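Read off the chains here:
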Amino acid sequence: MSSRLVLVGPPGAGKGTQAVRISEALNIPAISTGDIFRHNVKEQTELGKRAQRYMDSGEYVPDDITNAMVADRLQADDAAAGFLLDGYPRTLAQVDELDSMLGDAKLDAVVEITADVEEVVARLLNRAQEQNRSDDSEPVIRRRMAVYAEQTEPLVDVYRERGLLIQVDGMGQIEEVTARLLEALKQKLGE
Ligand code: AMP
């Protein structure tokens, strides 16, 4: 069973947490563009320096920077048999770019974690306190939600039209959501 998967969902829907859990269950690497960017910002690499100001203001990092980073990561050996992309693609241009990176090795499923906006804003404010993330002040959170609605929500329709979309409710206990995700994936990938 091949599993080339994409996870989409608004900031705070629990994507990162669930990505790790799905990747363990399916034995594929979770590739989080947000985590790669944060690592580079922390290390103050060239990539990190270029990405930081966009991240801090809740905007998307420009496609050329992001696409090159993902293309590079997908070439690593551990991604050959499958992967779970967490946080990429996020724009229609990134969808096209991912298609050309993958060539014949097409995606198997795109999972959308759905969430209530006010609830996720509350979650993010909570996480900001716990993790001290500079992109988690309330105005920046609101901006990230708006950017998601404008630039990323349209991807859901694209993948639905391709017959790849699975939608899973992200509200509730972490374990419950993981169980829902794995069940939905099992059905989809077993088709
Ligand atoms: P995340 O942890 O996935 O919410 O990502 C944190 C931040 O990293 C985002 O708010 C963006 O600034 C940046 N980022 C992550 N993935 C992408 C992407 N696919 N395209 C552009 N920017 C991204």
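Structure report, in brief.

### Observations regarding the overall build of the protein chain
- Regarding its fold elements, the protein chain presents eight helices and five strands.
- Starting at the N terminus, the α and β elements of the protein chain follow one another as β-α-β-α-α-α-β-α-β-α-α-β-α.
- Here the C-alpha coordinates of the protein chain stretch approximately 45 × 35 × 30 Å along the principal axes.
- Evaluated residue by residue, the protein chain yields a buried proportion of 46% over its 191 residues.
- Pairs at least 24 residues apart make up 73% of the contacts formed inside the protein chain by residues separated by at least 6 positions.
- Summing over all exposed atoms, the protein chain offers an accessible surface of approximately 9700 Å²; the carbon and sulfur share of this is 47%.
- Here the protein chain contributes 22 positively and 34 negatively charged side chains, and the mean placements of these two sets differ by 2 Å.

### Re the pattern of salt bridges
- All chains considered together, the criterion is met by 10 salt bridges.
- When the shortest N-O distance is used, the salt bridge between Lys 186 and Glu 183 registers 3.9 Å. With Lys 186 and Glu 183 both in helix 8 (residues 174–189) and three residues apart, this pair spans about one turn of that helix.
- By relative accessible area, Lys 186 is classed as exposed at 58%.
- Three or more residues are tied together by salt bridges with common partners; here these are Glu 118, Glu 138 and Arg 142.

### Overview of empty space enclosed by the protein
- The final tally for this structure, using the stated rule, is one cavity of 30 Å³ or more.
- Its volume calculated, the largest cavity comes out at about 50 Å³.
- Going through the elements one at a time, strand 1 (3–8) and helix 7 (138–161) are the ones with two or more residues in the lining of the largest cavity.
- Broken down by class, the residue content of the lining of the largest cavity amounts to five nonpolar, three polar and two charged.

### What about the site of the ligand?
- Contacts to the ligand come from 14 residues, most closely from Thr 33, Arg 38, Glu 59, Gly 87 and Arg 90.
- Here an oxygen atom of the ligand and a side-chain polar atom of Arg 38 are 2.9 Å apart.
- Summarising the interface, the protein chains cover 96% of the accessible area of the ligand, which totals 480 Å² for the free molecule.
- At four residues, the largest contribution of residues to the shell around the ligand is made by helix 2 (residues 33–43).
- Grouping the constituent residues of the shell around the ligand by class yields five nonpolar, five polar and four charged.

### Structural notes on helix 3 (residues 46–57)
- Turning to helix 3, its buried residues are Gly 48, Ala 51 and Met 55. The buried residues of helix 3 occupy one face: seen down the axis, they fall within an arc of 80°. Pointing more than 90 degrees away from the buried face of helix 3 are the exposed residues Glu 46 and Arg 53.
- In this structure, the buried side of helix 3 is in contact with helix 2.
- Positioned one or two residues after helix 3, Gly 58 has a phi angle of 85°, which is positive.

The rules behind these values
Residues numbered from 1 in each chain as written. Predicted model: local features only at pLDDT ≥ 70, side-chain atom pairs only at ≥ 80, totals over all residues. Heavy atoms only, no water. Helix = DSSP H or I, 4+ residues; strand = E, 2+ residues; numbered from the N terminus. Buried < 20%, exposed > 50% of the residue type's maximum accessible area, 1.4 Å probe, protein only. Contact = heavy atoms within 4.5 Å. Areas by Shrake-Rupley, 256 points an atom, 1.4 Å probe, with all protein chains shown as cover. Lys, Arg positive; Asp, Glu negative; His and termini not counted. Charge placed at Lys NZ, Arg CZ, Asp CG, Glu CD. Salt bridge = Lys/Arg side-chain N within 4 Å of Asp/Glu carboxyl O. 1 Å grid on protein atoms, 1.4 Å probe; cavity = no way out; pocket = protein on both sides within 12 Å on 5 of 7 lines; lining within 4 Å. Points joined across faces, edges and corners; volume = space filled by probe spheres on them. Nonpolar A, V, L, I, M, F, W, Y, C, P; charged D, E, K, R; others polar. Near = heavy atom within 4 Å. Polar contact = N/O pair within 3.5 Å; in protein donor to acceptor, adjacent residues only side chain to side chain. Arc of directions from axis to C-beta.

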